[in-house]
Amino acid sequence: MDFDIGDISLAEEGKRRIEWAGEEMKVLKTIKTRFQKEKPLSGLRIGACLHVTTETANLMVTLKEGGAEPFLCASNPLSTQDDVAACLVKEFGISVFAIEGEDNDTYYRHIESVIGANPHITMDDGADLITTFHTKYPAKAKEIMAGTEETTTGVIRLKSMEKDGALLYPVVAVNDAMTKHLFDNRYGTGQSALDGIIRATNFLLAGKVIVVFGYGWCGRGIASRARGLGARVIVVEVDPLRALEAVMDGLDVMTSTAAAKVGDIFVTSTGDKSVLRSEHFELMKDGATLCNAGHFDVEIDIPALVSMSVDRQVARQHVERFTLRNGRKIFLLTQGRLVNLAAAEGHPAAVMDMSFSNQALTVEYARKNSQDLERRVYGVPSEIDMEIARLKLESMGINIDSLTPEQDEYLHSWTIGT
Ligand code: ADE
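Definitions and limits used
Residues numbered from 1 in each chain as written. Predicted model: local features only at pLDDT ≥ 70, side-chain atom pairs only at ≥ 80, totals over all residues. Heavy atoms only, no water. Helix = DSSP H or I, 4+ residues; strand = E, 2+ residues; numbered from the N terminus. Rg over C-alpha atoms; globule rule 2.2 N^0.38 Å. Buried < 20%, exposed > 50% of the residue type's maximum accessible area, 1.4 Å probe, protein only. Contact = heavy atoms within 4.5 Å. Lys, Arg positive; Asp, Glu negative; His and termini not counted. Charge placed at Lys NZ, Arg CZ, Asp CG, Glu CD. Pairing = 2+ DSSP bridges. Near = heavy atom within 4 Å. Polar contact = N/O pair within 3.5 Å; in protein donor to acceptor, adjacent residues only side chain to side chain. Nonpolar A, V, L, I, M, F, W, Y, C, P; charged D, E, K, R; others polar. Core = buried A, V, L, I, M, F, W, Y, C linked by side-chain atoms within 4.5 Å. Axes fitted to C-alpha atoms, helices over the stretch in contact; angles between N-to-C directions. Parallel < 35°, antiparallel > 145°, perpendicular 65-115°, else oblique. Patch = residues over 30% accessible without salt bridge, like charges linked within 9 Å, V, L, I, M, F, W, Y side chains within 5 Å. Areas by Shrake-Rupley, 256 points an atom, 1.4 Å probe, with all protein chains shown as cover. Salt bridge = Lys/Arg side-chain N within 4 Å of Asp/Glu carboxyl O. Expected span 1.5 Å × (residues − 1). Arc of directions from axis to C-beta.

1. Describing the overall build of the chain
For step 1, the next point in the chain: The helix and strand inventory of the chain stands at 18 helices and 16 strands.
For step 2, the next point in the chain: For the chain, whose C-alpha radius of gyration is 22 Å, the value lies close to the compact-globule estimate of 22 Å for 418 residues.
For step 3, the next point in the chain: For the chain, the C-alpha atoms occupy an extent of roughly 65 × 65 × 45 Å along the three principal directions.
For step 4, the next point in the chain: Evaluated residue by residue, the chain yields a buried proportion of 53% over its 418 residues.
For step 5, the next point in the chain: Of the contacts made within the chain by residues no fewer than 6 positions apart, 71% connect residues no fewer than 24 positions apart.
For step 6, the next point in the chain: In the chain, 45 side chains carry a positive charge and 59 a negative one; their mean positions are 3 Å apart.

Below is the structure:
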């Protein structure tokens, strides 16, 4: 069995933490139990490029119990939990290629290792695996049955590939399932981004001015959780509807230039590049703290920050202090990479339960329906979404009503009186 990980001796700690997370992933556990009996994925090689966390480990084990052979590499060089990688290799016999803090070359070498396994299905978080397949191995890519994509940024990339006619195999946008983005992006990112900021800095957030860039599902979650901790929250948006929503959610909305002057902590969550750049750094207060909760490390223009600085030091783990020529200090968390995964543990297991249940059921769906899928980006079938919502409520012990026959008829008829 092939693998490349940081330290195999960490396997026991990894096992304890994977089991701990598994207890919070009740929907995935139900799927695993069925997969163990039915083996719907037998013989399927799955190449996964995901954050190597305890939650991902539970997904990999579920896929394996379903009869698949998973091969896992990291979707971010800083998010790998080495104890998890060790346990997957040692206890579960799963090939993992991921080391926390790996450099760019190693990161891509590990993606190539997964490609070398000739997967039937790819599973991405940010589309690095599928992009490498398309750019370097198009002949192999044409043989692939289907792919899945976990995150908004990846789906945007895939849709532009589809539009250009460049997509070589069908992909399901798991991110777009309701039981994914409404919960993972909002409550998962909301909580874990603040968890990352707190673990990295130990700042008191009450009374701080937190500027959130982007009011998509992730930005909404970050803003709402920051407000819950007593921060004064400012939103910066380019979309008028989203900006209006932020205003009516009771938040301050202003331009990035205005916000740069008053913010204490800046959190980017837009999916775009150079959201924070030199014109903002110039205006920031001494001690301003920057971090990113969007998928790639392009949201903060770090090269510009470096070129404006006369000194760059590690202030504490996960925090770098840049001293600008104007004498002011700016703190950067986790090198501008996903703060929730680099300084904390990513989203909690209870929310990844739904995201990864979507992944598991989508792989099963793709296998069953592969003959009918074209080279397009598909949504997750709504039956899967509804089933996951139902199972999640059940696992939480929450019952809901159903319509009476009269109510059902009323909703479906146009002849019954208004
Ligand atoms: N993305 C965000 N949080 C995650 C987690 N805990 N595991 C895997 N992927 C994630």
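2. A closer look at the pairing of strand S14 (residues 319–324)
For step 1, the next point in the chain: Most of S14 sits out of view: 5 of its 6 residues are buried.
For step 2, the next point in the chain: For strand S13 (residues 309–316) and S14, the ladder comprises 6 bridges, and the chain directions are antiparallel. Note that in S14 the partner of Val 314 across the bridge is Glu 320.
For step 3, the next point in the chain: One ladder, built from 5 bridges, connects S14 with strand S15 (residues 329–333); its direction is antiparallel. Counted as the bridge partner of Phe 322 is Ile 330 from S15.

3. What about the sheet that holds strand S10 (residues 252–253)?
Think of a sheet as strands paired side by side through backbone hydrogen bonds, with each pair either parallel or antiparallel.
For step 1, the next point in the chain: Here 8 strands make up an open sheet; going across it, the order is S10-S9-S8-S11-S12-S15-S14-S13 and the pairing mixed. Because the sheet does not close on itself, it has two edges, and the strands there are S10 and S13.

4. Quick notes on the pairing of strand S2 (residues 45–50)
For step 1, the next point in the chain: The buried count for S2 comes to 5 of 6 residues, which makes it a mostly enclosed element.
For step 2, the next point in the chain: Of the strand pairs in this sheet, S2 and strand S3 (residues 69–74) are connected by 6 bridges, and their pairing is parallel. Paired with Cys 49 across the bridge in S3 is Cys 73.
For step 3, the next point in the chain: Sheet topology note: the S2/strand S5 (residues 121–124) ladder contains 4 bridges and is parallel. When the bridges of S5 are listed, Cys 49 appears paired with Asp 124.

5. Quick word on the site of the ligand
For step 1, the next point in the chain: Near the ligand the following residues occur: His 51, Thr 53, Glu 55, Thr 56, Leu 341, Glu 345, Gly 346, His 347, Met 352 and Phe 356.
For step 2, the next point in the chain: Side-chain polar atom of Thr 53 to a nitrogen atom of the ligand: 2.7 Å apart, as the coordinates give it.
For step 3, the next point in the chain: Between the ligand and Glu 55, the relevant distance is 2.9 Å, taken from a nitrogen atom to a side-chain nitrogen or oxygen of the residue.
For step 4, the next point in the chain: Contributions of two or more residues to the shell around the ligand are made by helix H3 (54–65) and helix H16 (349–368).
For step 5, the next point in the chain: Here the residues of the shell around the ligand sort into 3 nonpolar, 5 polar and 2 charged.

6. What to know about the nonpolar core
For step 1, the next point in the chain: With 52 residues, the main nonpolar core has Leu 59, Met 60, Leu 63, Leu 88, Val 96 and Met 123 as its most contacted residues.
For step 2, the next point in the chain: The element best represented in this core is H16, accounting for 8 residues.
For step 3, the next point in the chain: When neighbours within four sequence positions are excluded, Val 96 is seen to be in contact with Asp 2, Phe 3, Asp 4, Ile 5, Leu 72, Ala 85, Leu 88 and Val 89.
For step 4, the next point in the chain: In this structure, Ala 231, Phe 331, Leu 333 and Ala 343 belong to the second largest nonpolar core, which totals 25 residues.

7. Describing the packing of helix H2 (residues 26–38) against H16
For step 1, the next point in the chain: At a closest axis distance of 8 Å, the pairing of H2 and H16 adopts a crossing angle of 25°. Relative to H16, H2 is oriented roughly parallel. Contacts from Lys 26, Val 27, Leu 28, Ile 31, Arg 34, Phe 35 and Glu 38 of H2 reach H16 at Asp 353, Phe 356, Ser 357, Ala 360, Leu 361 and Glu 364.
For step 2, the next point in the chain: For the contact of H2 with H16, the per-class residue count stands at 7 nonpolar, 1 polar and 5 charged.

8. Observations concerning the sheet that holds strand S16 (residues 377–379)
For step 1, the next point in the chain: Pairing is parallel across the open sheet formed by 8 strands, whose spatial order is S1-S4-S3-S2-S5-S6-S7-S16. Either end of the sheet is taken by a strand with one partner, and the two such strands are strand S1 (4–5) and S16.
For step 2, the next point in the chain: On the sheet, helix H4 (residues 82–90) packs against S1, S3 and strand S4 (95–98) and is oriented at approximately 155° with respect to S4.
For step 3, the next point in the chain: Seen against the sheet, helix H6 (residues 128–136) touches S2, S5 and strand S7 (171–173) and runs at an angle of roughly 130° to S5.

9. Quick look at a nonpolar patch on the surface
For step 1, the next point in the chain: Together, Leu 244, Val 247, Met 248 and Val 253 make up an exposed nonpolar region whose accessible area comes to about 380 Å².
For step 2, the next point in the chain: When residues of the nonpolar patch are assigned to their parent elements, the largest contribution, 3 residues, is made by helix H11 (residues 240–248).

10. Focus: helix H1 (residues 11–23)
For step 1, the next point in the chain: A rise of 1.5 Å per residue sets the reference length of H1, with its 13 residues, at 18 Å; its end C-alpha atoms lie 19 Å apart and thus fit the reference within 8%.
For step 2, the next point in the chain: All buried positions along H1 are accounted for by Ala 11, Gly 14, Ile 18, Ala 21 and Gly 22. Within H1, the buried residues cover an arc of 100° as seen down the axis, which keeps them to one side. Along H1, the residues that are exposed and aim more than 90 degrees away from the buried face are Glu 12 and Trp 20.
For step 3, the next point in the chain: On its buried side, H1 packs onto H2, H3, H4 and H16.

Scope: geometric values only; no functional claims are made or implied.
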